[in-house]
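Each chain, letter by letter, is given below.
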Amino acid sequence: MKKRLLAITFAVVFAFIGLGSSIIIGSTYMAPTSVVEAALTTNQTRTVQTKLKRWGYYTGTVDGIYGNLTRKAVRYFQSKNGLSVDGIVGPQTARALGMSISSDDSSVSNNDLYLLAKCVYAEARGESYTGQVAVAAVILNRVESPDFPNTIAGVIYQPWAFTAVNDGQINLEPNQTAYNAARDALNGWDPTYGSLYYYNAKTATNKWIYNKKTNVVIGNHVFAI
């Protein structure tokens, strides 16, 4: 009887895990493909902006940054053309725009976008939208720096680099705002002006961080280089 109960318990547990939104094997994430869309490249974003501006949906600058104004324009275009209104240029919206965004064209994988959004949510979900983009930008700046690992996963999981990894909050599911912030950072928005570090001056305990040059303060975070 005990063996049978144990077998049933394991079956329920594995079934629950199978329904989960992500699978973690080491540091490799399998992102929920029904939720995550690959981020557009800067050139693809410029194409979207150019088309929407030409057709009267977008009034901003063609700068390659997928910010709130571009997202609103995409939603407006979607609503006027019988598309799902989510502000994301997925395959259907891209076809309606007359452009291709195949996975081969994307500069970042779904897994990278998912992990970046998870870190943004875990580290900065209480911050302003700009503050969340800023945290994502620091991660990407580190990827480009020779002083840090050269992948998003490598930067995020570098030992003791992020509090959210140490305390397990990295395992929380990101919301749409975190995804948007991650996309905007991937598309070139850096509110930190190239910062490689950020910290909360009220709670930071490592004194060495205070020796870093401050670039900007956004909400509760000091961004430094």
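Let us look at the structure shown here. (Residues numbered from 1 in each chain as written. Predicted model: local features only at pLDDT ≥ 70, side-chain atom pairs only at ≥ 80, totals over all residues. Heavy atoms only, no water.)

### Quick look at the pattern of salt bridges
Within this structure, the stated rule accounts for 2 salt bridges. In this structure, the salt-bridge partner of K118 is E173, at a minimum N-O distance of 3.8 Å. One end of the pair, K118, is in helix α5 (residues 110-124); the other, E173, is in the loop between α8 (163-166) and α9 (176-186), and 55 residues separate them in sequence. Taking relative accessible area as the criterion, E173 reaches 33% and is therefore assigned partly exposed. (Salt bridge = Lys/Arg side-chain N within 4 Å of Asp/Glu carboxyl O. Helix = DSSP H or I, 4+ residues; strand = E, 2+ residues; numbered from the N terminus. Buried < 20%, exposed > 50% of the residue type's maximum accessible area, 1.4 Å probe, protein only.)

### Some details on α5
The terminal C-alpha atoms of α5 lie 21 Å apart, and with 15 residues this matches the ideal 21 Å at 1.5 Å per residue to within 8%. In terms of burial, α5 is a largely internal element, 12 of the 15 residues being buried. Every buried residue of α5 is listed here: L113, Y114, L115, L116, A117, K118, C119, V120, Y121, A122, E123 and A124. (Expected span 1.5 Å × (residues − 1).)

### Regarding the nonpolar core
The biggest cluster of nonpolar side chains holds 39 residues, and the ones touching the most others in it are L116, I139, I152, I156 and F223. Looking at this core, the elements with two or more residues in it are α5, α6 (129-144), α7 (152-156), α9, β3 (197-200), β4 (214-218) and β5 (221-224). Residue contacts for I156: discarding those within four places in its chain leaves L115, L116, C119, I139, F162, V165 and I170. L52, Y57, F77 and L83 belong to the second-largest nonpolar core, a separate cluster that totals 14 residues. (Core = buried A, V, L, I, M, F, W, Y, C linked by side-chain atoms within 4.5 Å. Contact = heavy atoms within 4.5 Å.)

### Some remarks on the packing of aromatic side chains
For the structure shown, the criterion picks out 9 aromatic pairs. The interplanar angle of 70 degrees and the centroid separation of 5.1 Å between the aromatic rings of Y57 and Y76 together place this pair among those described as edge-to-face. You can see Y57 sitting in the loop between α2 (42-54) and α3 (68-80) and its partner Y76 sitting in helix α3, a full 19 residues away along the chain. Between F148 and Y197, the ring centres sit 6.0 Å apart and the planes meet at 65 degrees, which makes this aromatic pair edge-to-face. Remark: Y197 occurs in strand β3 and F148 occurs in the loop between α6 and α7; sequence separation between them is 49 residues. Look at Y197 and you get buried, because its relative accessible area is 14%. An aromatic cluster is built from W55, Y57, Y76 and F77, whose rings are joined through pairwise contacts. We note R125 situated over the ring of Y121; from NZ or CZ to the ring centre the distance is 5.1 Å. (Phe/Tyr/Trp six-rings, centres within 6.5 Å; stacked < 30°, edge-to-face > 60°. Lys NZ or Arg CZ within 6 Å of the ring centre and 35° of its normal.)

### With respect to the side chain of N180
Relative to the assigned elements, N180 resides in helix α9. Dropping the residues within four chain positions of it, N180 is found in contact with R71 and Y129.

### Looking at the sheet that holds β4
The strand order across the open sheet formed by 3 strands is β3-β5-β4, and the pairing between neighbours is antiparallel. Because the sheet does not close on itself, it has two edges, and the strands there are β3 and β4. Across the sheet, the axes of successive neighbouring strands diverge by a mean angle of 25 degrees, strand direction being ignored. Bridge count for β3 against β5 is 4 bridges, and the pairing is antiparallel. Along β5, the bridge assignment pairs Y199 with V222. Each of β3, β4 and β5 touches α6; the most contacted strand, β5, lies at about 30 degrees to it. (Pairing = 2+ DSSP bridges. Axes fitted to C-alpha atoms, helices over the stretch in contact; angles between N-to-C directions.)

### Concerning the environment of I152
Take I152: it is sitting in helix α7. The buried category is assigned to I152, whose relative accessible area is 7%. For the pair I152 and N111, spaced 41 residues apart in sequence, the C-alpha to C-alpha distance is 9.7 Å.

### Regarding the packing of α5 against α6
Here α5 crosses α6 at 125 degrees, and the two axes come no closer than 9 Å. Regarding the angle of α5 to α6, the classification is oblique. Of the two elements, α5 crosses α6, and the hand of that crossing is right-handed. Residues L116, C119, V120, E123 and A124 of α5 pack against G131, Q132, V135, A136, I139 and L140 of α6. Classifying every residue of the contact of α5 with α6 by side-chain character gives 8 nonpolar, 2 polar and 1 charged. (Parallel < 35°, antiparallel > 145°, perpendicular 65-115°, else oblique. Left-handed = near helix turned anticlockwise from the far one by under 90°. Nonpolar A, V, L, I, M, F, W, Y, C, P; charged D, E, K, R; others polar.)

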